[in-house]
Amino acid sequence: MAGVAGMLCAAAGASCNGASGSGGIGAWSFGSVFGGVSGGQPADVVIVNGRVWTVDPLRPEAEAVAIVGDRIVAVGARADVEERRGPNTRVVDAGGRFVMPGFNDAHVHLMTGGAQLDSVDLKDAATPEEFTRRIGERAKGAAKGEWILGGNWDEQGWPGAPLPTRSLVDAVTPDTPVFVTRYDEHMSLANSVALRLAGVTAGTPDPPGGVIVRDAKGNPTGILKDAAQAYVFKVIPSPTAERRAHTLRRALGHMASLGVTSVQDMGPDPDDVAIYEAFASRGELTARIRAVPAEVPLAARLASGPVRHHPSAFLHVTGAKGFADGSLGSTTAFFFEPYTDDPASRGLLADEMQPLEGMRTRLVAIDKAGEQLCIHAIGDRAISMVLDLFEDVQRANGPRDRRPRIEHSQHLAPKDFARYAQLGAIASVQPYHAIDDGKWAEKRIGAGRAKTTYAFRSFFDNGVRVAFGTDWPVAPLDPLQSIYAAVTRATLDGKRPGGWVPEQKVSVAQAIEACTMGAAYAEFEEGNKGSISVGKLADLVVLSGDPFRVAPEAIAGLQVAMTLAGGKVVYERR
Ligand SMILES: [Zn+2]
């Protein structure tokens, strides 16, 4: 044997630093340490001939991995790991390619994403005319009464960037209700049929935390921002269980093809969680789902007694997702200073922050029940207010390992980086937004605020734990796009090839850490996931190329060759 087990290195004082492919091996002594986990049993799967990037500081690189059941039992040199090979072991030859832990996306909207795979795609509709054409095409195939939803439109590429209006689509959708959503999900366009069904008229008031955009005569243009979207969402018929199951299957297939073995689903519909539970009980989940319920209904349920979850290896229902403000694209992110391009506005606080005392009371109660807080905050003032709330929670309930999260953490007041570190708060960020919003963000917030916007490097430098995600379907689910975005910061319009605010670029190693170990830490799962280490779940990905050895610009073009979840191959590229 060339070495001792990784976990024992530190205790034994052995040299583990700089371990390379030819270094020691992993698991032998864990047969006894982990009892049933490895034993001396032959492996079910061995992966050999890889450049294994483990994200485990005790053994950063290796050549081979052995798996028994759903767990990793050995990591190390090929010759050593191959000792675990038996007559029935499946041998995967990685062909010298890059092997890493499965990707964990810390922030998705799983079923919205799955549904978008089957819906009209408006994200790259480059003109209002194209927008109209695509919706018209989709309407031709729609069943009677079927709603056209999703869409992910983005008006910022249109000449003058006007918001769409219902007049763009009414003519092509005379009988079909349309409620298509901007890619940031903070505003949607209703056609006249949808407004009629929802009862939204010139006389309808703006709700707290929402805006009905109106024309010069006061009539709704069809654009509903943030909380105002609820007027229409309320009247959209709920999908059937069959439809939900179809959507989940679509989402799982998409995840596997991109190497995403874990997702953290923010604020799912309880009826969708019931579908996740049915899939989990039948062993049909091919990626691990952590569902994070919305905080307002969770607080109400907690008020009438403890809420019990039945965690399994593939499904956890934990934490609480809340909202402090809107989004930059919809000018509803809440800032200390006015928008540069709209001096009358500083953005909007979310309805659940009004009154603030209500939010504080709920968060204290949820934290007291042991749940993790995951609060959406984008503008610098909303982020500061959420940090204040986290302090209030800590003061009320005393110290514990609570890892409160700020979802998006987009625009930081410079003083607040240190507060994240002090509070142990996690920055749950989506790097793809930086290269997408980076096309136009400066006109909205000015160059000064842009310096601490999507400030991933500053988080790392301040010792803040960073978790990467995509907010899928707001951004593509592909984690290699996130790594590319964080490493290059090259905006999608090609105008800043050297990077937008280049001092905020991170290294490839930091980016990989944030979408594996960082995301696992952000869900208290670092003991099970996030690195290729003995005893952890066998969630692994083989990539077509090595992100450390290709040019940064080429990272986005890498592909997933194989995905394993719980030791099973769930995707293989043909
Ligand atoms: Zn989100």
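Placed above this text is the structure.
Residues numbered from 1 in each chain as written. Predicted model: local features only at pLDDT ≥ 70, side-chain atom pairs only at ≥ 80, totals over all residues. Heavy atoms only, no water.

Evaluated as defined, the whole model comprises 46 salt bridges. Between Asp388 and Arg419 there is a salt bridge; the shortest N-O distance is 2.5 Å. Of the two residues, Asp388 sits in helix 12 (residues 380–397) while Arg419 sits in helix 13 (residues 416–423), which places them 31 residues apart along the sequence. Taking relative accessible area as the criterion, Arg419 reaches 12% and is therefore assigned buried. Note that Glu526 and Arg403 form a salt bridge whose closest N and O atoms lie 2.9 Å from each other. Of this pair, Glu526 sits in the loop between helix 19 (517–521) and strand 22 (540–543) while Arg403 is found in the loop between helix 12 and strand 19 (405–408), placing the two residues 123 residues apart along the sequence. On the basis of relative accessibility, which here comes to 23%, the residue Glu526 falls in the partly exposed class. (Salt bridge = Lys/Arg side-chain N within 4 Å of Asp/Glu carboxyl O. Helix = DSSP H or I, 4+ residues; strand = E, 2+ residues; numbered from the N terminus. Buried < 20%, exposed > 50% of the residue type's maximum accessible area, 1.4 Å probe, protein only.)

This next bit is on the coordination of the zinc ion. Looking at the metal site, the zinc ion is ligated by His107 (NE2), His109 (NE2) and Asp471 (OD), spaced 2.0 to 2.2 Å from it. Every donor residue of the zinc ion comes from the same chain, spaced as H-x1-H-x361-D. Residue His109 is found in the loop between strand 8 (103–108) and helix 4 (110–116), and its partner Asp471 is found in the loop between strand 21 (466–468) and helix 17 (479–488); the two are separated by 362 residues along the sequence. With respect to class, His109 is no different from Asp471; both count as buried. (Donors = N, O, S within 2.8 Å, 3.2 Å for Na, K, Ca; no water.)

So, on to helix 13. Of all the positions in helix 13, only Asp416, Phe417, Arg419, Tyr420 and Leu423 are classed as buried. For helix 13, the angular spread of buried residues about the axis comes to 160°, placing them on one side. Packing partners of the buried residues in helix 13 comprise helix 12, strand 19, strand 20 (426–429) and helix 16 (456–461). Following helix 13 by one or two positions, Gly424 has its phi on the positive side, about 65°. (Arc of directions from axis to C-beta. Contact = heavy atoms within 4.5 Å.)

Without other data, these values stay purely geometric and don't point to any function.
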